[in-house]
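An overview of the molecular structure
Here's the letter readout for the chains.
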Amino acid sequence: MTSNMPAIRLMTWNINKLSGQIQRGPRSSAAEIGVKRVIGDFLAQDDSPAIIVLQEGCGADCDPSGKFIEWLGSLDGCSVFAGSENRYIRTVVLSRGVHAELAECNKDLSRANRYVALNIDMGDKILHLLALHANANKDNGEIADDDIAARLCECGTWADDVALVLVGDANAAPKYRERLKREWGLTDPFAGKVTMPRYGSSPDVIMGRGMNIENAAVVKSSCSDHRLLTCAVRL
């Protein structure tokens, strides 16, 4: 049996670092206009269900007034899920046309608010979505692939054979893609696609299991040193 819900268009983008320079304060107005334009254009492509996952750039360091988060919440028909109730937010999920609820593990958000876990109603099935900005702090003995596995384990039954999509910035730990394929059974339609040319690495990720991931594309933008990833997911 297949789900009776249409495909969900999915986008992920780290918006904090602009033109390869680390932001040490609010982003420029031109960059913010550009980021908003990209998000608006993605939503305007058609009226199908859509999910946008953003990393960085939404907390007090880049958005001290909170107006960017307010703008996200003002978009027609959209709901916002953020990785924390405080002002330092590393992961934000914007959804439209889907029925999504926070997973149980979000009641005690850990690891500096780096992830949002959602259960998405696909009609007769549930899609589990883990949106995250993985920790890469080696001083604490933790690198991104270990961090991703830990976040999945915090989601409890998600470790079982369920429909799962991992979305976000994995911070490019060595061979993390291979580990996620081996240990979690995730497929990787973006393998070999460069998303951060300046650093010669591809930390940004959309991987899944128990679903089809279609029309995978990497899109350039001058508003961030990360390229954005887009695709459609269908159970």
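Residues numbered from 1 in each chain as written. Predicted model: local features only at pLDDT ≥ 70, side-chain atom pairs only at ≥ 80, totals over all residues. Heavy atoms only, no water.

**Points about the overall build of the protein chain**
Looking only at helices and strands, one finds four helices and 11 strands in the protein chain. Relative to its full complement of 235 residues, the protein chain shows a buried share of 54%. Considering only intrachain contacts with a sequence separation of at least 6, the fraction spanning at least 24 residues in the protein chain is 65%. (Helix = DSSP H or I, 4+ residues; strand = E, 2+ residues; numbered from the N terminus. Buried < 20%, exposed > 50% of the residue type's maximum accessible area, 1.4 Å probe, protein only. Contact = heavy atoms within 4.5 Å.)

**Quick notes on the sheet that holds strand 10 (residues 212-219)**
If you walk across this open sheet you meet the six strands as 3-4-2-1-11-10, and the pairing is mixed. If you trace the sheet from one side to the other, it starts and ends with strand 3 (78-82) and strand 10, each paired once. Each neighbouring strand pair of the sheet contributes to a mean axis angle of 15°, computed without reference to strand direction. Where strand 10 meets strand 11 (residues 228-234), six bridges bridge the pair, whose relative direction is antiparallel. The residue of strand 11 that forms the bridge with Val-218 is Leu-229. Sheet strands in contact with helix 1 (residues 29-44) are strand 1 (8-14), strand 2 (50-55), strand 3, strand 4 (91-96) and strand 11, and its direction is about 170° off that of strand 1. Lying over the sheet, helix 2 (residues 67-74) contacts strand 2, strand 3 and strand 4, oriented at roughly 140° with respect to strand 3. (Pairing = 2+ DSSP bridges. Axes fitted to C-alpha atoms, helices over the stretch in contact; angles between N-to-C directions.)

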